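# Architecture and fold: a report
Given next are the chains, with one letter for each unit.
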Number of protein chains: 2
Amino acid sequence: MTDPIRPTDDEARALARRLLADADHAALGVIDPATGGPWVSRVAMLWHGGAVELVVSDLAPHAAAMRADPRVSLLVGEPGAKGDALTHPRLTLAGRAAPGDKAGARARWLAQRPKSAVWFDLPDFRLVRIAPGAASLNGGFGRAFRLSPDDLNPP
Amino acid sequence: MTDPIRPTDDEARALARRLLADADHAALGVIDPATGGPWVSRVAMLWHGGAVELVVSDLAPHAAAMRADPRVSLLVGEPGAKGDALTHPRLTLAGRAAPGDKAGARARWLAQRPKSAVWFDLPDFRLVRIAPGAASLNGGFGRAFRLSPDDLNPP
């Protein structure tokens, strides 16, 4: 069996950075505290300063899950409506959720994600910051790369 | 704090069934055997007979993860390109991955997912079947429902 992982190159790094910069939402994987199994939900996000920022409601199950176990994974890169979804590039990140500075992020979110104005200031919404420890890029069928945090941040 | 979960009604059941019938891909959450934390990736899917069918490559990390721990979660319901992604309905399922009958599913997949012809017959691709045990529908901002397997299957 040949190794399906290709050597990371500048094209892969640029693609991963573009997917993160363009993402306004992600599929968030957490550990469900009730079962110990995974649980995936949709969250609003913004890539900033080498980390994913989420703004999530305390009322949502994923918020309780992250309080119980901070290990998370994120999938970004939405396929378009046309073609095979598996040919579209996507990026998986893994890291740990940590409390973030919501007040300090407010101007950035409202400028870059104007629709977040509907819920950003609600008192049950908190900022969560995830600095990725590992990343896996799938640039389309058969084009897989492992990336480091340094690969995701321009030098 | 009020309960954010609404009573399940026929409209919620119909929406969940439509999301499953329309989904040709999903975000799959598994337990990463290297870390014990979650890992989310994109997979091709087809809803059939009260279960999600996946066709995944043995070379992909999620295949190894499901062999080590069959607990999985799936997120279906892609937001369109317009508007706030959080206002678009989506459904989270949780269940256990089990080996499926790829030969028996072939005609169905090639008819309903013609683009799967590119990879369906590759020898490292296997059918995985996930009968959901729990489901959570988010019908848009503030419209959350818990659903049972019976809610997902017409009587």
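The paragraphs below set out a description of the structure included in this document. (Residues numbered from 1 in each chain as written. Chains lettered and ligands numbered in written order. Predicted model: local features only at pLDDT ≥ 70, side-chain atom pairs only at ≥ 80, totals over all residues. Heavy atoms only, no water.)

Turning next to the side chain of Arg42 of chain B. Tracing the backbone shows Arg42 of chain B in strand S2 (residues 38-48). Within polar-contact distance, the side chain of Arg42 of chain B engages the backbone oxygen of Gly77 of chain A at 2.7 Å. (Helix = DSSP H or I, 4+ residues; strand = E, 2+ residues; numbered from the N terminus. Polar contact = N/O pair within 3.5 Å; in protein donor to acceptor, adjacent residues only side chain to side chain.)

Let us look at the packing of aromatic side chains. Residue and element names in this part refer to chain A. In the structure shown here, the tally under the stated rule is six aromatic pairs over all chains. Aromatic side chains Trp109 and Trp119 sit 6.3 Å apart centroid to centroid with 70° between the ring planes, which places their arrangement in the edge-to-face category. One end of the pair, Trp109, is in helix H3 (residues 102-112); the other, Trp119, is in the loop between H3 and strand S6 (125-138), with 10 residues separating them in the sequence. Note on accessibility: Trp109 and Trp119 belong to one class, buried. (Phe/Tyr/Trp six-rings, centres within 6.5 Å; stacked < 30°, edge-to-face > 60°. Buried < 20%, exposed > 50% of the residue type's maximum accessible area, 1.4 Å probe, protein only.)

Below, the discussion takes up empty space enclosed by the protein. It is a probe the size of a water molecule, rolled over the atoms, that shows where empty space is left. This structure, assessed with the given rule, holds one cavity of 30 Å³ or more. Counted as a void, the largest cavity has a volume near 90 Å³. Residue lining of the largest cavity: His25, Ala26, Ala27, Arg42, Leu75, Val76 and Glu78 of chain A together with Ala26, Ala27, Arg42, Leu75 and Glu78 of chain B, and that is the complete set. Elements that contribute at least two residues to the lining of the largest cavity include exactly strand S1 (25-31) and strand S4 (71-76) of chain A together with strand S1 (25-31) of chain B. Looking at which element gives the most residues to the lining of the largest cavity, the answer is S1 of chain A, with three residues. Tallied by class, the residues present in the lining of the largest cavity amount to seven nonpolar, one polar and four charged. (1 Å grid on protein atoms, 1.4 Å probe; cavity = no way out; pocket = protein on both sides within 12 Å on 5 of 7 lines; lining within 4 Å. Points joined across faces, edges and corners; volume = space filled by probe spheres on them. Nonpolar A, V, L, I, M, F, W, Y, C, P; charged D, E, K, R; others polar.)

All names here are of chain A. Turning to H3, its buried residues number three or more, namely Lys102, Ala105, Arg108 and Trp109. Down the axis of H3, the sector holding all buried residues measures 120°, keeping them to one side. Exposed residues pointing more than 90 degrees away from the buried face of H3 are listed as Ala103, Ala107 and Ala111. Of the surrounding secondary structure, the elements contacted by the buried residues of H3 are strand S2 (38-48), strand S3 (51-57) and S6. With a side-chain oxygen lying 3.4 Å from the backbone nitrogen of Ala103, the N-terminal cap of H3 falls on Asp101. (Arc of directions from axis to C-beta. Contact = heavy atoms within 4.5 Å.)

As a further point, take the interface of chain A and chain B. Taken together, the 41 residues of chain A in the interface contact 41 residues of chain B. When chain A packs against chain B, close to 3,500 Å² is buried across both sides, 70% of that on carbon and sulfur atoms. When the buried area of chain A at its contact with chain B is split by residue, Pro38, Val40 and Arg42 of chain A rank highest and sum to 21% of it. At the surface where chain A touches chain B, the tally comes to zero salt bridges. Along the contact surface separating chain A from chain B lie eight residue pairs in polar contact (both at pLDDT 80 or more). Only S1, S2, S4, strand S5 (90-99) and S6 of chain A provide two or more residues apiece to the side of chain A that touches chain B. A per-element tally of the side of chain A that touches chain B places S2 of chain A first, with seven residues. (Buried area = accessible area lost by both parts, 1.4 Å probe. Salt bridge = Lys/Arg side-chain N within 4 Å of Asp/Glu carboxyl O.)

Bringing the pairing of S4 of chain A into the picture now. Residue and element names in this part refer to chain A. Among the six residues that make up S4, five are buried, leaving the element largely enclosed by the rest of the structure. The sheet contact formed by S1 and S4 spans three bridges and is antiparallel. Residue pairing for S4: Leu28 is matched across the bridge by Leu74. By the bridge criterion, six bridges tie S4 to S5 in an arrangement that is antiparallel. Residue Val76 lies in a different strand from S5, and its bridge partner there is Leu91. (Pairing = 2+ DSSP bridges.)

This part is about the pattern of salt bridges. Residue and element names in this part refer to chain A. The full count for this structure, using the stated rule, is 18 salt bridges over all chains. Among the salt bridges present, the one from Glu53 reaches Arg108, with a minimum N-O distance of 2.4 Å. One end of the pair, Glu53, is in strand S3; the other, Arg108, is in helix H3, and 55 residues separate them in sequence. In terms of burial, Glu53 and Arg108 fall into one category: buried. What emerges from the salt-bridge pattern is a single network uniting Asp10, Arg13 and Asp151.

Turning next to the pairing of strand S7 (residues 144-147) of chain A. All names here are of chain A. Here S6 runs beside S7; their pairing, made up of four bridges, is antiparallel. The partner of Ala135 across the bridge, within S7, is Leu147. Hairpin connection of S6 to S7: five residues between the antiparallel strands, including Gly140 at a positive phi of 125°.

Below, the discussion takes up a negative patch on the surface. A cluster of acidic residues, Asp24 and Glu78 of chain A together with Asp24 and Glu78 of chain B, forms a negative patch on the protein surface. In this structure, Glu78 of chain B sits in the loop between strand S4 (71-76) and strand S5 (90-99). (Patch = residues over 30% accessible without salt bridge, like charges linked within 9 Å, V, L, I, M, F, W, Y side chains within 5 Å. Areas by Shrake-Rupley, 256 points an atom, 1.4 Å probe, with all protein chains shown as cover. Lys, Arg positive; Asp, Glu negative; His and termini not counted. Charge placed at Lys NZ, Arg CZ, Asp CG, Glu CD.)

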